Amino acid sequence: MIQSFDEPPRAGASPDGLPPLREVIASLGLSAKKSLGQNFILDLNLTRKIARTAGDLTGRTVVEVGPGPGGLTRALLLEGAKRVIAVERDQRCLPALQQIAERYPGRLQVHLGDALEADWPALLGSDFGPGRALIIANLPYSVATLLLIGWLETEPWPPWYARMVLMFQREVAERIVAQPGTKPYGRLAVISQWRTRARIVMSLKPEAFTPPPKVSSAVVELIPREHPEPPCSAKVLGEVTAAAFGQRRKMLRTSLKSLTAMPELLLKDAGLAPELRGEQLSVEDFGRLAMILERARRS
Ligand code: SAM
């Protein structure tokens with residue numbers, strides 16, 4: 001039953017007057033599916049804390065992937081989001097989300113489907129435009145990296161979102177923010193840091209989730225850079241990092257052979273020693289290599 005807005009929340013109820021998530025899950029018989037990465041956060045204080053790391057949500061449009069029974073969704077709405085557009089794959093979650101939509105008329109739009117196939121600007125409709133929306137999600141870990149890469153490779157740039165606040169397994173979060181010369185530094189760090197300012201803003205132990213996953217988790221904030229530097233093409237940058245990190249232990253004069261017949265010349269033009277390995281290059285070095293390669297292909 002949904003409580004009316006005017007009534008004070010009953011004892012034991014959540015601040016939004018809706019039943020506690022544990023009750024919602026039990027009443028729907030929502031057993032967590034491992035294949036869908038269902039590790040729910042049932043503590044509304046925690047989901048509100050995550051929501052607040054994205055800043056003041058008042059009047060903002062938020063895109064959420066995988067609302068599940070709605071723990072984070074409820075937090076986003078409680079924190080003032082004007083509109084939440086959520087894409088969920090599991091139709092068993094729809095009754096819980098419907099209840100939230102009724103509690104917040106006109107503010108929650110739920111789409112049943114695979115977020116990997118979503119056309120975000122189309123879902124945003126008239127709210128579409130650089131910097132209008134926020135992406136806030138406790139991502140299903142099996143598709144988290146793919147979703148992130150899709151958002152980072154968005155064209156045109158600057159993108160349709162102003163900020164992303166995303167939960168990843170800790171190991172992926174560390175790959176996003178990794179610095180050159182470290183083990184987790186690779187393609188994901190380069191594309192993330194070239195296009196955004198990325199930092200870990202919260203760490204969570206497995207016990208924060210129901211059921212607890214096997215790994216620790218972390219929330220990463222990514223704020224798009226208006227003008228990523230150097231101004232290379234995202235596609236060519238992707239080709240360069242794929243070549244350099246595909247053969248991680250090889251020197252660049254060897255690993256870049258798949259891109260050009262003359263890797264030593266490319267490296268010389270970029271001011272880089274041919275003996276370097278990909279993991280030793282900064283994001284800026286990769287961008288410069290991509291620009292020189294683009295120029296060479298055009299001439
Ligand atoms: N937001 C909820 C929370 O914080 O408690 C649930 C998060 S749970 C980690 C991930 C959610 O993503 C699940 O509800 C799952 O059904 C959903 N999901 C999994 N794969 C998906 C996909 N490809 N597209 C959309 N949702 C997906």
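Residues numbered from 1 in each chain as written. Predicted model: local features only at pLDDT ≥ 70, side-chain atom pairs only at ≥ 80, totals over all residues. Heavy atoms only, no water.

**Q** What is the right way to read the overall build of the protein chain from this model?
**A** Within the protein chain, the secondary structure is distributed over 12 helices and seven strands. Seen through its principal axes, the protein chain has C-alpha atoms that stretch 70 × 40 × 30 Å. Here the protein chain holds 299 residues, and the buried ones make up 50% of them. For the protein chain, the share of sequence-separated contacts (at least 6 apart) that also reach a separation of at least 24 residues comes to 69%. With the model as given, the accessible surface of the protein chain reaches about 14000 Å², and the carbon-plus-sulfur share is 53%. The protein chain carries 39 positive and 31 negative side-chain charges, and their two centres are separated by 5 Å. (Helix = DSSP H or I, 4+ residues; strand = E, 2+ residues; numbered from the N terminus. Buried < 20%, exposed > 50% of the residue type's maximum accessible area, 1.4 Å probe, protein only. Contact = heavy atoms within 4.5 Å. Areas by Shrake-Rupley, 256 points an atom, 1.4 Å probe, with all protein chains shown as cover. Lys, Arg positive; Asp, Glu negative; His and termini not counted. Charge placed at Lys NZ, Arg CZ, Asp CG, Glu CD.)

**Q** Whenever I open this one, the site of the ligand confuses me. Can you help?
**A** In the neighbourhood of the ligand, 20 residues make up the surrounding shell, with Ile41, Gly66, Glu88, Asp114 and Asn138 lying closest. Isoleucine 41 is positioned with one of its backbone polar atoms (N or O) 2.8 Å from an oxygen atom of the ligand. Measuring from a nitrogen atom of the ligand, one finds a backbone N or O atom of glycine 66 at 2.8 Å. For the ligand, the protein covers 98% of the area, taking 590 Å² as the surface of the free molecule. Here the shell around the ligand is built from residues that sort into eight nonpolar, seven polar and five charged. (Near = heavy atom within 4 Å. Polar contact = N/O pair within 3.5 Å; in protein donor to acceptor, adjacent residues only side chain to side chain. Nonpolar A, V, L, I, M, F, W, Y, C, P; charged D, E, K, R; others polar.)

**Q** Please explain the pairing of strand β5 (residues 161-169) as it appears in this structure.
**A** Along any regular strand, the residues point their side chains to alternate faces of the sheet. Both strand β4 (residues 133-138) and β5 contribute to a ladder of six bridges, which runs parallel. Bridge pairing links alanine 137 to leucine 166 in β5. Following the backbone out of β4, through helix α6 (residues 141-152) and into the adjacent parallel β5, one traces a crossover that is right-handed. The pairing of β5 with strand β7 (residues 217-224) spans six bridges and is classified as antiparallel. Bridge pairing in β7 links leucine 166 to valine 220. (Pairing = 2+ DSSP bridges. Right-handed = clockwise from strand over helix to strand, strands pointing away.)

**Q** Help me understand the pattern of salt bridges in this model?
**A** When the charged atoms of two side chains lie near each other, side chains of opposite charge can form a pair. Enumeration over the complete set of coordinates arrives at 16 salt bridges. With a closest N to O distance of 2.7 Å, glutamate 239 and arginine 297 form a salt bridge. Within this pair, whereas glutamate 239 is found in helix α9 (residues 234-246), its partner arginine 297 is found in helix α12 (residues 283-298), the two being separated by 58 residues in sequence. Residue classification places arginine 297 among the partly exposed positions, given a relative accessible area of 43%. Taking the shortest distance from any N to any O, the salt bridge between arginine 288 and glutamate 284 comes out at 2.9 Å. Remark: glutamate 284 and arginine 288 occur in helix α12; sequence separation between them is four residues, near one turn of the helix. Salt bridges sharing common partners tie together Arg48, Arg52 and Glu79. (Salt bridge = Lys/Arg side-chain N within 4 Å of Asp/Glu carboxyl O.)

**Q** Sorry if this is basic, but what is going on with the domain arrangement of the protein chain here?
**A** How large an interface is tends to be reported as the accessible area lost when its parts come together. Each assigned domain of the protein chain is listed with its residue range as follows: domain 1 (21-224) and domain 2 (234-298). Computed over C-alpha atoms only, the centres of domain 1 and domain 2 are separated by 33 Å. Taken together, the contact between domain 1 and domain 2 spans 13 residues of the former and 14 residues of the latter. Summed over both sides, the interface between domain 1 and domain 2 buries roughly 1000 Å², with carbon and sulfur atoms accounting for 67% of that surface. (Domains from an automatic or database assignment. Buried area = accessible area lost by both parts, 1.4 Å probe.)

**Q** Can you walk me through the side chain of threonine 241 in this structure?
**A** With respect to the secondary-structure elements, threonine 241 resides in helix α9. Within the structure, the side chain of threonine 241 is placed 3.3 Å from the side chain of arginine 187, a separation counted as a polar contact.

**Q** Just checking my understanding: could you explain the nonpolar core for this structure?
**A** Nonpolar side chains tend to gather and get buried jointly when the protein is soluble and globular. By size, the foremost hydrophobic cluster in this structure holds 58 residues, and its most contacted members are Trp151, Leu166 and Phe168. Take this core: its biggest share by element is seven residues, from α9. Counting contributing residues, this core receives three or more from each of domain 1 (21-224) and domain 2 (234-298). Setting aside its immediate chain neighbours within four residues, tryptophan 151 contacts Val65, Trp120, Ile135, Leu139, Trp157, Trp160, Tyr161, Met164 and Leu166. (Core = buried A, V, L, I, M, F, W, Y, C linked by side-chain atoms within 4.5 Å.)

**Q** How do you make sense of the sheet that holds strand β1 (residues 61-65) when you look at a structure like this?
**A** Working definition: the strands of a sheet are paired by backbone hydrogen bonds and lie parallel or antiparallel to each other. Strand order in the open sheet formed by seven strands is β3-β2-β1-β4-β5-β7-β6, and the pairing between neighbours is mixed. Unpaired on one side and paired on the other, β3 (108-112) and β6 (196-204) mark the two borders of the sheet. On average, each strand axis in the sheet is tilted by 20 degrees relative to the strand beside it, whichever way the strands run. Those strands touched by helix α4 (residues 94-103) are β2 (83-88) and β3, and its axis lies near 160 degrees from that of β3. (Axes fitted to C-alpha atoms, helices over the stretch in contact; angles between N-to-C directions.)

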